[in-house]
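Examining the three-dimensional arrangement
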Amino acid sequence: MAGSHGFHRRKPVVLAVIAGVVALGSPVPSHAASTQPNAVIVWDRNAETAIWEVARQQPQVQARSFAMVHGAVYDAVNAIAGRPYQSYLSAPRADGGESTEAAVATAASQVLRSLFPAQEERLRAQYDEALARIPGGDAKRRGIAVGARTAAAMIAARENDGAFGDQTWPVGTKPGQWRPTPPTPTTSGAWVAYLKPFMLPSGSMFRTSGPPSLTSGRYARDLNEVKTVGSATSTVRTLDQTQAAIWWHDRHLAEWEIKRQLATTQRLSTLRTARMFAMVGLAEADATTACYNEKVTWSFWRPITAIRLADTDGNPRTAADPDWTPLLATPPHPDYTSGHTCFTGASMSALAHFFGRDDLSFSGYSADSGTTRHFRGFSQALAEVVEARIWGGIHTRTADTEGAKIGKQVTAYMVRHFFKPRKH
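The model shown is predicted, which means the values in this text are computed figures rather than measured ones. (Residues numbered from 1 in each chain as written. Predicted model: local features only at pLDDT ≥ 70, side-chain atom pairs only at ≥ 80, totals over all residues. Heavy atoms only, no water.)

Concerning the packing of aromatic side chains
Within the structure shown, the criterion is met by 15 aromatic pairs. Centroid distance Tyr 88 to Phe 418: 6.1 Å. Interplanar angle 45 degrees. Geometry classified as tilted. Here Phe 418 lies in the segment after α14 (397–417) and Tyr 88 lies in the loop between α3 (59–80) and α4 (100–115), a separation of 330 residues in the sequence. Residue Phe 418 is classed as buried on the basis of its relative accessible area of 17%. Where Trp 169 meets Tyr 292, the ring centres are 5.7 Å apart and the plane angle is 45 degrees; that geometry is what we call tilted. Of this pair, Trp 169 sits in the loop between α6 (138–157) and α7 (217–229) while Tyr 292 sits in helix α10 (residues 270–298); the two residues are 123 residues apart in sequence, bridging distant segments of the chain. By way of ring pairs, the aromatic residues Trp 247, Trp 248, Phe 354, Phe 355, Phe 362, Phe 375 and Phe 378 are connected into one cluster. One residue, Arg 56, lies across the ring of Trp 52, its end atom 4.0 Å from the ring centre. In this arrangement the basic side chain of Arg 275 is found over the ring face of Tyr 85, its NZ or CZ atom lying 4.2 Å from the centre. (Phe/Tyr/Trp six-rings, centres within 6.5 Å; stacked < 30°, edge-to-face > 60°. Helix = DSSP H or I, 4+ residues; strand = E, 2+ residues; numbered from the N terminus. Buried < 20%, exposed > 50% of the residue type's maximum accessible area, 1.4 Å probe, protein only. Lys NZ or Arg CZ within 6 Å of the ring centre and 35° of its normal.)

What about the pattern of salt bridges?
Taken as a whole and assessed by the stated rule, the structure comprises 19 salt bridges. A salt bridge links Glu 120 to Arg 113; its shortest N-O distance comes to 3.3 Å. Taking the relative accessible area as the measure of exposure, Arg 113 reaches 16% and is therefore buried. A salt bridge links Arg 124 to Asp 128; the shortest N-O distance between them is 3.4 Å. With a gap of 4 residues between them, Arg 124 and Asp 128 both fall in helix α5 (residues 120–132), about one helical turn apart. Looking at Arg 124, the relative accessible area reads 33%, which means it is partly exposed. Relative accessible area serves as the criterion here: at 38%, Asp 128 is assigned to the partly exposed category. Several salt bridges converge on common partners, so that one network encompasses Asp 95, Glu 98, Asp 138, Arg 141 and Arg 142. (Salt bridge = Lys/Arg side-chain N within 4 Å of Asp/Glu carboxyl O.)

So, the pairing of strand β1 (residues 362–366)
In terms of burial, β1 is a largely internal element, 4 of the 5 residues being buried. Pairing geometry for β1 and strand β2 (residues 371–375), over 5 bridges, is antiparallel. Bridge pairing links Ser 366 to Thr 371 in β2. Where β1 hands over to β2, the hairpin turn is made up of 4 residues, of which Gly 370 adopts a positive phi near 70 degrees. (Pairing = 2+ DSSP bridges.)

Notes on the packing of helix α2 (residues 39–54) against α5
Running from amino to carboxyl end, α2 crosses α5 at an angle of 170 degrees, the nearest separation of the two axes being 12 Å. Taken as axis vectors, α2 and α5 run roughly antiparallel relative to one another. Only Arg 122, Leu 123, Gln 126, Tyr 127 and Ala 130 of α5 make contact with α2, whose side of the interface consists of Trp 43, Asn 46, Thr 49, Ala 50 and Val 54. In the contact of α2 with α5, the residues fall into 6 nonpolar, 3 polar and 1 charged. (Axes fitted to C-alpha atoms, helices over the stretch in contact; angles between N-to-C directions. Parallel < 35°, antiparallel > 145°, perpendicular 65-115°, else oblique. Contact = heavy atoms within 4.5 Å. Nonpolar A, V, L, I, M, F, W, Y, C, P; charged D, E, K, R; others polar.)

A word on α5
The terminal C-alpha atoms of α5 lie 18 Å apart, and with 13 residues this matches the ideal 18 Å at 1.5 Å per residue to within 8%. Close packing links the buried residues of α5 with α2, α4 and α6. (Expected span 1.5 Å × (residues − 1).)

If you want it as C-alpha cells, here you go:
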C-alpha cells in the first residue's frame, strides 16, 4: 500500500500524537445523508477554487482563509439545527425552518468576497447561481439572513488580526542561524507567526525547548539523515519515498480531498460536515500560527544551509558538502518547527477525535507526483508526513516530530474548549 513504507521504526512517536487525542473524544452517531448535495462540501470546493486555483495562496495563508469560511458556515448550520453544539462566534436566532443551503452559500460567499475583493464578480455570479437552485420563499430569505450574520461576525472578528503584515524573518550569519535559501531567497512572510489565533490564547502557548544543540549527537543524527536520504541525488531513497515527498509537498493539498472524501464515505449530515470542517480548519490555522511562532523564536537554519556549512557547526560528526541540494525546493522560512507536520498533526488528530477512531481508510491524489496515496488511518498519514519532509530534504526529524506534537496540542486545546455538545 502506498503511504506505508520507510517509517515503521518511527511509528510509536507519532502514534502517541494521535492516540492522546482520540482518548479525548467519543464517537458521534451519524445521521442519514441527504439526497441533496452536501452544501458544506460544495462550498468547500468553491473555497478551494478562490483560495488556491485563483488566488494561489500558499498553505500558511490558505489556513486562515479556510478557517474563516468554515467557522462562519458552521455557526450558520449549527444555529439552524438548534445549536446542538457550542457556537464558535455567533448564534443567530433561528427556528429550524430556514434553508440550510441558503445559509451555507451566503456565509461562505460573503467571507470569500471579503477575502478576495478582486474575485467579486466571479464569486457573486457563483453565489447567484447557487441561490437560483434553491426554491424561493420565507425559508430561503431567512437562511440568507442567518448566513449573512455569521459571515459578518467572522469578518469583524478577523479585522486587524495581523494578516499580511510586513514582518520579516530574522537573518543570522552564525552557525545554526537561518538565512535566505535558494531557490527563493526572501525574508518576507513572517506575519503568520504573529497572527491572532482563532482559538488559542496566544500563538506562543505551546513553546518548545527548541532545536537540538549544534554539537549534540541528536543534531548530528538529524543532519546526516536528511543529508543522505533527502538529497536530490540520493541513492538510498526509494521510489515510493520520492513520490511521497512530492505528494506531501504539493501546494494543492490532498488533505482538502481527504476531508471531503471522509464526509462522503462516512455519510455525514450537513451539520456534522460543517462541524468537522470547522474543527479541522481552525485547528490547522492555529497550529500553523503556533509553528510559525516557533520559527521566529528559534530561527534555525534549513538543511541546505546546515549541510553546506557543516564545517562551521563545531560538531565532529558532521561534514560539509558545499554542493548539496535537496530533492524539493526549500520553502523561504526557518526549519524549526515544520509547518506541514504542525498542520497535519492538527488535521489528523482533529479527525481522529471527531470520528472517535483511527482506522478509517482514505486516499488522495497529487498532480505533482502523479500518484494516489492510500492510508489505513490518521496516525499512518501523520507518520508519513514526518518522514516525507526528511525524504524531501527540507526538514530535520526533530523539526518534524516537534511540529506534529504542536498540532496535537492545538487539537487537544480545541477539544477542551470549542465545538462541544451543549447540555440541554
